[in-house]
Amino acid sequence: MYSFWQTVLLEEHTYYGAPFMPHMNLPVSKKHFDRWLELFFKTLDELFSGEKAEEARWRANKMAEMFQLKIAHYQKTNSKPLI
Ligand code: HEM
């Protein structure tokens, strides 16, 4: 997680994983992602402020949206990503 955010926010390339993969088969829906975002934003507000904090907020939101779309797609088509 540290290297993921370091790569995304600080442009220091230390993460080489595939972040979607561990989430693909989780039994999660919108309510879980909404709760994840709520906790993430709360923690962000408690610990950080400024431009990078705003970017983290924006990126977390986009990633959560993208994960949900991909999970729904793979469930619907009963398929798996190649990587
Ligand atoms: C309901 C929401 C979420 C749940 C339940 C969840 C759960 C998990 C789980 C179970 C893992 C695997 C942990 C392990 O291997 O020990 C994981 C890894 C990870 N998650 Fe999430 N996650 C959620 C949302 C997100 C979002 C929105 C992001 C991105 C902003 C994110 C980023 C990551 C990353 C970067 C990893 C590490 C992947 C790797 O090992 O390469 N997660 N998450």
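Further up the page is the structure itself.
Residues numbered from 1 in each chain as written. Predicted model: local features only at pLDDT ≥ 70, side-chain atom pairs only at ≥ 80, totals over all residues. Heavy atoms only, no water.

Draft legend 1. Here's a closer look at the packing of aromatic side chains. Per the counting criterion, the structure on display carries seven aromatic pairs. Here the aromatic rings of Phe 20 and Tyr 74 are separated by 6.0 Å at their centres, their planes lie at 35°, and the arrangement is tilted. With Phe 20 in the loop between helix H1 (2–10) and helix H2 (30–47) and Tyr 74 in helix H3 (residues 51–77), the pair connects residues that are 54 residues apart, well separated along the chain. We note that Phe 20, like Tyr 74, is buried. Over the ring of Phe 41 we find Arg 57; its NZ or CZ atom is 4.8 Å from the centre of that ring. (Phe/Tyr/Trp six-rings, centres within 6.5 Å; stacked < 30°, edge-to-face > 60°. Helix = DSSP H or I, 4+ residues; strand = E, 2+ residues; numbered from the N terminus. Buried < 20%, exposed > 50% of the residue type's maximum accessible area, 1.4 Å probe, protein only. Lys NZ or Arg CZ within 6 Å of the ring centre and 35° of its normal.)

Draft legend 2. Here's a closer look at the layout of surface pockets. Taken as a whole, the largest pocket spans an internal volume of roughly 340 Å³. Those elements that provide at least two residues to the lining of the largest pocket are H1, H2 and H3. When residues in the lining of the largest pocket are grouped by element, the largest group, four residues, is from H3. Taken as a whole, the second largest pocket spans an internal volume of roughly 290 Å³. Forming the boundary of the second largest pocket are Trp 5, Gln 6, Leu 9, Leu 10, Phe 40, Thr 43, Leu 44, Phe 48, Ser 49, Lys 52, Ala 53 and Ala 56. Elements that contribute at least two residues to the lining of the second largest pocket include exactly H1, H2 and H3. Of the residues assigned to the lining of the second largest pocket, the class counts are eight nonpolar, three polar and one charged. (1 Å grid on protein atoms, 1.4 Å probe; cavity = no way out; pocket = protein on both sides within 12 Å on 5 of 7 lines; lining within 4 Å. Points joined across faces, edges and corners; volume = space filled by probe spheres on them. Nonpolar A, V, L, I, M, F, W, Y, C, P; charged D, E, K, R; others polar.)

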